[in-house]
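Structural overview for review
Here's the letter readout for the chains.
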Amino acid sequence: MKEKDTLKRRVLIVDDEEDFLFLLKKVISRKCDCDVSLATSGLQALEIAESLHPDAVLTDIKMPDLDGLELLKRLTELDSTITTVVMTGYGTIEMAVQALKDGAYDFHQKPFDNDKIVGSIIRALERTHLLRENRQLQHLLTKAPPKTGFTGRSKPIVYTVELLSRLATSCATVLIRGESGTGKEVAARAIHSMSKRADKDMITVNCPALPEHILESELFGYVKGAFTGAETDKDGLFLEANGSTLLLDEIADIPVSVQTKLLRVLQEKEIQPLGQTKTIKVDVRVIASTNQNLEEKMERGEFREDLFYRLNVMPVTLPPLAKIREDIPLLAHQFLGEFALEYEREGLEFTSEAIQFLMQKSWKGNVRQLKNTINRATLLCKDQFITPEDLMASVRFDQNSEPEPVADCAFLTGNYRDAKEKTVQRFTTAYLVQALKKSDGNVSAAARQSGVDRQAFQRLMRKYGIKSEDFR
Amino acid sequence: MAEILTLDDVQDAVVLIRKILSRRGHTVHTFTEEEDAIRYALKNHIDLAILDIKLKKMSGIEVLAELKRLQPEMKAIILTGYPTVETARDALSFGANEYCVKPIDKQELESKVEKVLQL
């Protein structure tokens, strides 16, 4: 029953004769099953329409401030799905034609038969309903493909995507947790883009990038003279994000003093710019993200417990790549497609060994590392196929990647001789890379430390395509 | 210049329209029978139809609907000696670009035709 009430259609009736208005209200609210609002002038009607977004408007033409034809135009500008029916006591055919050409749905001459007006309003409500439904569907369609930015069919990803879309519909604060490279910002963007706030840009603040006092003034703004150097008023990011979403990236790193202020914003939904006594109401959805253990930080007194509970209203934990290994082929192909297009290398493919390699490698840097690896491999690869060697060469560039344990490799299957050759190759590559890293690309030093003759070391480097310049 | 179809149950009326508009360089095809006009529209391109509402068997708005079905891009002007809000509403909702009250003078007809053709 309650749901039906909220779905009730809204009709706005505009006429400068109040008695007539009440009479119409009685008839229409009873026979059209709708809520009726009344306005006695065009300007008042416009004001009500802006906040109420009625389904249908029934308006007189002759009114003191804003006549019905002008109101019709303004309503169409405001929301083209509002259906307007025009009525007049001084109707000429020209006026009717003009009103209809301007987009009025129907035109009635006073005095009129109540049944005719009722029929007209019922059809008008139906028209609006169809237009709005259509608009909604189109909106959904255009938004469907980039929806979340997450690719994958594994259980944890399907669950995450579902959770994100459910969170998008609410305004609650969300805390996104997950290892580095799992897509915390992607998740925040997904929530924002699926929410009602999607029309406005999401604002992202990288908390550790800003020193304490700057972070505070950036977030909350300041007034002229609040501190030395504050020569003009400045709106903070909270104000800039009004009506939108604010992502506080790496929230664990914000100083305790800013945490206190942040807590107030979340509780009171108002900000106080530096140097100002008045507070300003803001409507901002806050999404926070972190890869740190906030519980530990709380125990050490570095993170306010009350802020944690405020942020943790809706927690989302993104799975590390190791937990969604089955999605690696899908992700790899998606990234390859993107980069191949970007670098005009369409038609590039992975060999099956390359996919095996990707599946078995440990990805400390998660999806981001996988993506970077494929990015470089797309650039480095010499012919039509990306091989494990290309990927390894690419991983080498990654300063953050750990050397691969030999036993973990993908080549322990198939022909013995090939497998051995590949394993030796992987081992040697990894060994040489480590040695050269340690010596900052100095071949003689690397060879000496490895107990290998310098010429032999160089021969190996040539064989596996390793260049000392890469490590300097 | 435009291909114009005009339909009225009174022969003099369509002849007058042809006289006025052909002087402006348009080709005007005149009809007094609904079926003839629709049959013509089946096979020939029309830029603009000028239709009276009161015809022999059908109403001009019914003919308008039929012509629009055949040629959706076609523009239309509805003429009538008995204007009502209802027919104005119907005419516009079936796609007429103008709804004019007869008698219509030469200048008004010329200017309405030019206006509609420019849409």
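Model, not experiment: these values are computed from the prediction.

Right, let's talk about unusual backbone geometry for a bit. For the peptide bond that leads from Lys110 of chain A to Pro111 of chain A, omega is -10°, which places it in the cis range. Counting through the fold element by element, Pro111 of chain A comes out in the loop between strand S5 (106-109) and helix H6 (114-143). For the bond running from Lys102 of chain B to Pro103 of chain B, omega is -5°, close enough to zero to count as cis. Relative to the helices and strands, Pro103 of chain B is located in the loop between strand S5 (98-101) and helix H5 (106-118). A positive phi angle, near 45°, is found at His53 of chain A, a position not held by glycine. Tracing the backbone shows His53 of chain A in the loop between helix H3 (42-52) and strand S3 (56-60).

Next up on the list: the confidence of the model for chain B. Mean pLDDT over chain B stands at 93; residues scoring 70 or higher make up 100%. Interface scoring of the predicted complex returns ipTM 0.80; its pTM is 0.47.

Reports of interface size often rely on the accessible area that becomes lost once the parts have come together. Of the residues lining the interface, nine residues belong to chain A; the matching set on chain B comes to seven residues. Within the residue set of the side of chain A that touches chain B, elements represented by two or more residues are helix H5 (93-101) and S5 of chain A. The biggest single contributor to the side of chain A that touches chain B is H5 of chain A, with five residues.

Quick look at the nonpolar core now. The biggest cluster of nonpolar side chains holds 69 residues, and the ones touching the most others in it are Val11, Val85 and Ile121 of chain A together with Leu51, Leu64 and Ile78 of chain B. Among the elements that make up this core, the one with the highest residue count is H5 of chain A (five residues). The residues touching Leu51 of chain B, leaving out its near neighbours within four places in the chain, are Leu7, Gly60, Val63, Leu64, Ala76, Ile78 and Leu79 of chain B. Counting residues in each nonpolar core, the second largest holds 37 residues, with Leu164, Leu167, Ile191 and Leu294 of chain A among its members.

All names here are of chain B. Here we have five strands laid out as an open sheet, ordered S2-S1-S3-S4-S5, and parallel in their pairing. The sheet terminates laterally at strand S2 (27-31) and S5, the two strands that pair on one side only. Taken pair by pair, the neighbouring strands of this sheet meet at an average axis angle of 20°, ignoring direction. Note that strand S1 (residues 3-7) and strand S3 (residues 48-52) share four bridges and pair parallel. The residue of S3 that forms the bridge with Leu5 is Ala49.

Residue and element names in this part refer to chain B. When you line up the elements, Lys106 lands in helix H5. Assessed through the 13 C-beta atoms surrounding it within 10 Å, Lys106 is described here as partly exposed. With 90 residues separating them in the primary sequence, Lys106 and Leu16 have C-alpha atoms 9.3 Å apart.

Let's shift gears to helix H4 (residues 68-78) of chain A. All names here are of chain A. Those residues of H4 that fall on the buried side of the exposure criterion are Gly68, Leu71, Leu72 and Leu75. Each buried residue of H4 sits inside an arc of 105° when the element is viewed along its axis, so together they form one side. On its buried face, H4 sits against strand S1 (9-14), H3, S3, strand S4 (83-88) and H5.

Turning next to the packing of H3 of chain A against H4 of chain A. All names here are of chain A. Remark: H3 packs on H4, axes separated minimally by 10 Å, with the N-to-C direction vectors making an angle of 15°. Relative to H4, the element H3 is oriented roughly parallel. The two elements H3 and H4 cross, and the hand of that crossing is right-handed. Across the interface between the two elements, Gly42, Ala45, Leu46, Ala49 and Glu50 from H3 touch Gly68, Glu70, Leu71, Arg74, Leu75 and Leu78 from H4. Across the contact of H3 with H4, the residue classes tally to six nonpolar, two polar and three charged.

Moving on to the pairing of S3 of chain A. Residues and elements named next belong to chain A. In terms of residue burial, S3 counts as a mostly covered element, since five of its five residues are buried. Side chains Ala56, Leu58 and Asp60 project from S3 onto one buried face, and the interleaved Val57 and Thr59 project onto a second face that is buried too. Sheet topology places S1 next to S3; four bridges connect them, and they run parallel. The residue of S3 that forms the bridge with Val14 is Thr59. Sheet analysis places S3 next to S4, joined by five bridges and oriented parallel. The partner of Leu58 across the bridge, within S4, is Val85. You can see the chain leave S3, run along H4 and come back into S4, and the turn it takes is right-handed.

Rules used in this analysis
The residue count restarts for each chain, going from 1 along the sequence in the order it is written. Chain labels run from A onward and ligand labels from 1 onward, assigned in the order the entries are written. Owing to the predicted nature of the model, reporting of local features is limited to residues with pLDDT of at least 70; listing and counting of side-chain atom pairs is limited to 80 or more, with chain, interface and lining totals taken over all residues. What counts as a helix is a DSSP run of H or I of at least four residues, what counts as a strand is a run of E of at least two, and both are numbered from the N terminus. One number per residue, pLDDT, summarises how confident the predictor is, and it ranges from 0 to 100. Distance between backbone-placed C-beta atoms decides contact: two residues are in contact if it is within 7 Å. Nonpolar cores are built from buried Ala, Val, Leu, Ile, Met, Phe, Trp, Tyr and Cys residues. These are joined into a set through C-beta atoms within 7 Å. As a rule, residues whose C-beta atom has 12 or fewer other C-beta atoms within 10 Å are exposed, those with 20 or more are buried, and those in between are partly exposed; C-beta atoms are placed from the backbone. When DSSP locates at least two bridges between a pair of strands, those strands are taken to pair. Every axis in this analysis is a line fitted to C-alpha atoms, fitted for helices over the stretch in contact. Angles between the N-to-C directions lie between 0 and 180 degrees. Picture the helix axis, draw a direction to every C-beta atom, and the arc is the one those directions span. The scheme is simple: roughly parallel for angles under 35 degrees, roughly antiparallel for over 145, roughly perpendicular for 65 to 115, oblique for anything else. Two helices crossing with the near one rotated counterclockwise from the far one by less than a right angle form a left-handed crossing, whereas a clockwise rotation gives a right-handed crossing. Side-chain classes follow a simple rule in which Ala, Val, Leu, Ile, Met, Phe, Trp, Tyr, Cys and Pro form the nonpolar group, Asp, Glu, Lys and Arg form the charged group, and the remainder, Gly included, forms the polar group. Crossover handedness is defined here as right-handed if the route from the first strand over the helix to the second strand goes clockwise, with the strands pointing away from the viewer.

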